[in-house]
Amino acid sequence: MVANKYVLRFSSALVDQPVIYHLVKDYDLVINILKADINPHQEGYVVLELSGDSENYNRGLEYLKSTGVDVAPLSGTIFWNKDRCLQCGACTSFCPTGALKMDLQDRLVDFDGSKCIVCESCLDVCMARAVEVRF
Amino acid sequence: MTVERTIAEINEKVKQGKAVVVTAEEIIDIVKEKGVKRAAQEIDVVTTGTFGTMCSSGAFLNFGHSKPRIKMNKANLNGVPAYAGIAAVDAYIGATALPESDPENRIHPGKFLYGGGHVIEDLVAGKKVKLEASGYGTDCYPRRHLETWITLQDINEAILFNPRNAYQNYGVAVNTSNKTIYTYMGVLKPRMGNASYSTSGQLSPLLNDPYYRTIGIGTRVFLGGGIGYVAWHGTQHNPSVARGENGVPTTGAGTLALIGDLKQMSPNWLRGVSFLGYGASLAVGIGVPIPILNEEILVSTAVTDAEIYTTVVDYSSAYPERKPEVLGKVSYAELRSGVIKLQGKDVPTTPLSSYAKAREIAQILKEWISNGSFLLTEPVQLLPSVEAGIELKSIEIRNNS
Ligand code: SF4
Ligand code: SF4
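Cut-offs used in this document
Residues numbered from 1 in each chain as written. Chains lettered and ligands numbered in written order. Predicted model: local features only at pLDDT ≥ 70, side-chain atom pairs only at ≥ 80, totals over all residues. Heavy atoms only, no water. Helix = DSSP H or I, 4+ residues; strand = E, 2+ residues; numbered from the N terminus. Buried < 20%, exposed > 50% of the residue type's maximum accessible area, 1.4 Å probe, protein only. Contact = heavy atoms within 4.5 Å. Pairing = 2+ DSSP bridges. Axes fitted to C-alpha atoms, helices over the stretch in contact; angles between N-to-C directions. Core = buried A, V, L, I, M, F, W, Y, C linked by side-chain atoms within 4.5 Å. Near = heavy atom within 4 Å. Nonpolar A, V, L, I, M, F, W, Y, C, P; charged D, E, K, R; others polar. Buried area = accessible area lost by both parts, 1.4 Å probe. Salt bridge = Lys/Arg side-chain N within 4 Å of Asp/Glu carboxyl O. Polar contact = N/O pair within 3.5 Å; in protein donor to acceptor, adjacent residues only side chain to side chain. Expected span 1.5 Å × (residues − 1). Arc of directions from axis to C-beta. Phe/Tyr/Trp six-rings, centres within 6.5 Å; stacked < 30°, edge-to-face > 60°.

### With respect to the overall build of chain A
Next up, step 1: Across its full length, chain A holds two helices and eight strands.
Next up, step 2: Along chain A, from the amino end to the carboxyl end, the secondary structure elements read β-α-β-β-α-β-β-β-β-β.
Next up, step 3: For the C-alpha atoms alone, the extent of chain A along its principal axes is close to 50 × 35 × 20 Å.
Next up, step 4: Within chain A, buried positions represent 42% of all 135 residues.
Next up, step 5: By sequence separation, contacts in chain A at least 24 residues apart represent 64% of the contacts at least 6 residues apart.

Below, the structure is given as C-alpha cells:
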C-alpha cells in the first residue's frame with residue numbers, strides 16, 4: 001500500500017474531464033478529497049490523498065500526469081511573515097484558494113492557513129519575499 | 001465670501017495646535033456632507049500618502065576617511081556596487097543595483113533577492129553592512145583597498161535622494177500574449193489573466209493637486225518615515241499628458257524628486273523589494289500635505305477613486321515596443337473592486353502599491369501636523385505645470401555609419 005497527499009491543479013480546459021473517475025475505476029485507487037474548488041470553465045484545484053497497491057498507484061500517477069493536470073506532492077507549510085508583508089495585495093490575485101486574501105474595506109491582507117494548499121503560487125510573486133515554504 | 005488662506009496663517013494654527021487636518025480619504029465624505037464652501041472654511045490641510053516600489057531612488061553616503069586615506073573608485077555595500085565616481089569617500093547606492101554575483105535573468109525568471117534597495121533597508125534598520133572599496137592609489141590617497149563593516153550611525157551623511165518618486169497616476173499592465181511575462185508591474189499572466197496597477201488613487205499626493213498649485217521645490221513631506229523635501233520636479237515629469245475634466249491626468253504625468261536625511265528614516269517605510277524576472281528595488285513611503293489655500297484646491301483634494309481614470313497597456317508588446325495602443329480606460333474604483341472588464345473579459349486586478357500603508361502614512365502626517373511637530377513650507381518655486389509645455393524626449397538610435 002502506498003498513500004500520499006497531492007495537489008492537482010486543473011487548467012480551465014481540463015476541469016471538465018473525469019480524471020478522478022478514471023483513477024478510481026481504471027487504477028483501483030482509494031481517493032480521499034481533502035479540499036477542492038472546481039468550477040466549469042475555470043482553473044481549479046483538488047487536494048487529495050491517493051492510496052492503492054504500489055503498482056496501481058504508480059500507474060495511476062503516470063496517468064494523472066499524462067492528462068496535463070499539474071500534479072504536486074503536498075509538502076511543507078506556508079509561513080506568512082506579517083512583519084515583512086507590505087500589504088500590497090499582489091499575492092491575492094495569484095492565490096487560487098483565497099488563503100491570502102485582502103479585505104476590501106480596510107484593504108489589509110491576511111493569511112488563512114486552513115485554506116492553503118501549498119501550491120506555492122504566492123512565493124515568487126511577493127516582492128517583499130514575505131511568504132516562505134517551511135518543511 | 002470665498003476662502004483664502006496663506007501657508008503662514010496655516011502654520012500659525014499648527015503651532016497653536018489648532019490646525020484642522022484631515023486625510024485625502026476623509027475629505028471626500030466631509031465635502032459630500034458639508035459642501036465645498038463650509039469644508040474649505042473649516043479645513044486647513046489635507047494629507048496624502050503612497051507606499052510603493054519606486055526604482056528611481058537611492059542614497060548618497062559619505063563614509064568618512066580611513067587612515068591612510070583612500071580615493072574610492074569602486075565601493076560595494078554587502079556586495080552591491082555603489083556609484084563611486086564622485087569625491088574620495090562619497091558614493092551613491094541606487095535602489096536597483098545588483099551584486100556582480102547575482103545570476104540576474106540567466107536562469108529566467110531571476111529572483112533578484114538582494115540589491116541596492118535591500119542595502120538601504122539594512123542601513124536604515126541599523127544593521128551592519130559590509131563596505132569593500134578599492135582605489136588606484138594617489139600621493140594624497142595612497143590606500144588601494146579596504147574592507148570593513150559600517151552602520152548608518154558611524155558614517156557621516158546619508159542622504160536619501162530619489163530623482164523620481166510619487167508618479168502622478170500610472171498605467172495598468174496586462175499581458176495579451178500566450179505566456180507569462182515578468183515585468184516591473186509584477187508577474188503578468190497570459191491572455192490577460194490579471195491586470196496590475198500601482199497608485200494609491202484618491203490618497204496619492206499628485207492626484208490630489210493635479211496642477212501642482214501647492215506642491216513645489218521646498219515642500220516639506222513625509223519621506224521614508226522621516227522628514228524630506230521636494231528637491232525638484234522628478235525626472236520624466238510630464239504635465240502635458242491627457243487629463244480628465246477634473247484636471248486629473250489619465251496616465252503617468254507629474255513626478256517628484258525627493259531628498260531627506262536617511263538617518264531619521266525607518267525600515268517600515270523603506271523596504272527592499274524583489275521583482276521576479278525584473279530586478280531589485282525599493283518601496284518608499286511618501287506623504288505630502290496639501291494646504292487648503294482656497295476652494296479650488298479643496299475640490300481637487302476631494303477627488304475619489306471613481307473619478308480617477310487610467311489607461312490599460314499591453315506589456316507583452318505595446319509597452320516594450322513603445323507602440324501607442326491602449327486597451328482601455330478604467331477607474332481606480334473599478335481596479336480596487338478586484339475585477340475589471342476588459343474587452344468583454346473579467347480580469348482580476350493585482351495591486352502593487354499598498355493602499356492600507358498609504359492610508360497609514362496620511363494618518364501619521366495628519367498627526368504630525370495636528371500635534372504641531374510638522375510645519376508646512378512655502379514652496380520656493382512651484383513645479384512646472386501644463387503651461388510649461390514640457391515634451392518628453394526619447395532616445396534616437398543613431399548609427400555612426
Ligand atoms: S505580495 Fe507579499 S507583500 Fe504583498 S500582500 Fe502579499 S504577502 Fe504581503
Ligand atoms: S501556497 Fe500561497 S498561493 Fe498557494 S494556496 Fe497557499 S497561500 Fe495561496
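### Considerations on the sheet that holds strand β1 (residues 21–23) of chain B
Residue and element names in this part refer to chain B.
Next up, step 1: Read from one edge to the other, the open sheet built from three strands follows the order β1-β2-β21, with strand pairing classed as mixed. Looking at the sheet topology across the chains shown, the edges are occupied by β1 and β21 (289–291). The mean angle between the axes of side-by-side strands here comes to 25°, regardless of whether they run parallel or antiparallel.
Next up, step 2: Across three bridges, strand β2 (residues 45–47) lies against β21 in antiparallel orientation. Residue pairing across strands places valine 45 opposite proline 291, the latter belonging to β21.

### A few points about the nonpolar core
Next up, step 1: Counting residues in each nonpolar core, the largest one holds 72 residues, and the members touching the most others are A:Leu100, A:Val131, B:Ile27, B:Tyr315 and B:Ile369.
Next up, step 2: Each residue touching B:Ile27, except ones within four places of it in the same chain, is listed here: B:Val22, B:Ile43, B:Val46, B:Leu298, B:Thr301 and B:Ala302.
Next up, step 3: Ranked by size, the runner-up nonpolar core spans 49 residues in total, among them B:Ala75, B:Val89, B:Ile120 and B:Leu146.

### Quick notes on the site of ligand 1
Next up, step 1: With respect to spatial proximity, the complete set of residues near ligand 1 consists of A:Trp80, A:Cys85, A:Leu86, A:Gln87, A:Cys88, A:Gly89, A:Ala90, A:Cys91, A:Val109, A:Cys126 and A:Ala128.
Next up, step 2: Residue composition of the shell around ligand 1, by class: nine nonpolar, two polar and no charged.

### Digging into the sheet that holds strand β6 (residues 80–82) of chain B
Residues and elements named next belong to chain B.
Next up, step 1: On the basis of which strands lie adjacent, the open sheet formed by four strands has the order β6-β5-β8-β9 and antiparallel pairing. Sheet topology places β6 and β9 (145–150) at the edges, where each strand pairs with a single neighbour. The mean angle between the axes of side-by-side strands here comes to 25°, regardless of whether they run parallel or antiparallel.
Next up, step 2: Where strand β5 (residues 74–77) lies against β6, three bridges are found, and the strand directions are antiparallel. Looking at the pairing, asparagine 76 lines up with proline 81 of β6.
Next up, step 3: Together, β5, β6, β8 (129–134) and β9 form the strand contacts of helix α3 (residues 116–124), whose direction differs from that of β8 by roughly 120°.

### Overview of unusual backbone geometry
Next up, step 1: A cis amide bond links B:Lys67 to the next residue, B:Pro68, at an omega of -10°.
Next up, step 2: Of note, the bond from B:His108 into B:Pro109 is cis; its omega dihedral lies within 30 degrees of zero at -10°.
Next up, step 3: Tracing the chain through its elements places B:Pro109 in the loop between β7 (90–94) and α3.
Next up, step 4: Phi at A:Arg129 is positive, roughly 50°, even though this residue is not glycine.
Next up, step 5: What makes A:Arg129 partly exposed here is its relative accessible area of 25%.
Next up, step 6: Positive phi, normally seen in glycine, also occurs at B:Asn78, with a value near 50°.
Next up, step 7: With respect to the helices, strands and loops of the structure, B:Asn78 is situated in the loop between β5 and β6.
Next up, step 8: Assessed through its relative accessible area of 26%, B:Asn78 is described here as partly exposed.

### Details of the environment of A:Tyr6
Residues and elements named next belong to chain A.
Next up, step 1: Along the chain, tyrosine 6 turns up in strand β1 (residues 2–10).
Next up, step 2: Tyrosine 6 gets classed as buried once you look at its relative accessible area, which sits at 10%.
Next up, step 3: Residues tyrosine 6 and valine 47 lie 41 residues apart in sequence; the distance between their C-alpha atoms is 5.7 Å.
Next up, step 4: Once you skip the residues sitting within four places of it in the chain, tyrosine 6 turns out to touch Val46, Val47, Leu48, Leu50, Tyr57, Leu61, Val71, Ala72, Pro73 and Leu74.

### Side note on the interface of chain A and chain B
Next up, step 1: With 21 residues of chain A at the contact, the number on the chain B side is 28 residues.
Next up, step 2: Carbon and sulfur atoms supply 54% of the area buried between chain A and chain B, which totals about 1900 Å² over both sides.
Next up, step 3: Here chain A and chain B share two salt bridges between them.
Next up, step 4: Between B:Glu121 and A:Arg84 there is a salt bridge whose closest N-O contact spans 3.1 Å.
Next up, step 5: Joining chain A to chain B, the criterion identifies twelve residue pairs in polar contact (both at pLDDT 80 or more).
Next up, step 6: Taken together, the residues that form the side of chain A that touches chain B break down as eleven nonpolar, four polar and six charged.

### Some points on helix α2 (residues 54–66) of chain A
Residue and element names in this part refer to chain A.
Next up, step 1: The end-to-end C-alpha distance of α2, which contains 13 residues, comes to 18 Å, matching closely the 18 Å that a straight helix rising 1.5 Å per residue would cover.
Next up, step 2: Of the positions making up α2, those classed as buried are Asn56, Tyr57, Gly60, Leu61, Tyr63 and Leu64. The arc that holds every buried residue of α2, seen down its axis, measures 160°, which confines them to one face. Away from the buried face of α2 by more than 90 degrees, exposed residues Glu55, Glu62 and Ser66 are located.
Next up, step 3: In the core, the buried residues of α2 are packed alongside β1, α1 (19–27), β3 (44–52) and β4 (70–73).
Next up, step 4: Between the side-chain oxygen of the N-cap and the backbone nitrogen of glutamate 55 there are 3.0 Å, and the N-cap of α2 in question is aspartate 53.

### Section: the site of ligand 2
Next up, step 1: Contacts to ligand 2 come from 14 residues, most closely from A:Cys95, A:Cys116, A:Cys119, A:Glu120 and A:Cys122.
Next up, step 2: Residues belonging to the shell around ligand 2 are distributed by class as follows: eleven nonpolar, two polar and one charged.

### Examining the side chain of B:Arg5
All names here are of chain B.
Next up, step 1: Assignment of secondary structure puts arginine 5 in the segment before α1 (7–15).
Next up, step 2: For arginine 5, a relative accessible area of 13% gives the class buried.
Next up, step 3: Of note is the side chain of arginine 5, whose polar atom sits 2.8 Å from the backbone oxygen of isoleucine 292.
Next up, step 4: Beyond its immediate sequence surroundings of up to four residues, arginine 5 is in contact with Ile10, Ala40, Gln41, Glu42, Ile43, Asp44, Ile292 and Leu293.

### Some words on the packing of aromatic side chains
Residues and elements named next belong to chain B.
Next up, step 1: Counted by the stated rule, this structure contains 14 aromatic pairs over all chains.
Next up, step 2: On the numbers, 6.1 Å between centres and 25° between planes, the contact of tryptophan 368 with phenylalanine 374 is stacked.
Next up, step 3: For phenylalanine 374, a relative accessible area of 1% corresponds to the buried category.
Next up, step 4: Chaining the aromatic ring pairs together yields one cluster made of Tyr167, Tyr170, Tyr184, Tyr278, Tyr315 and Tyr319.

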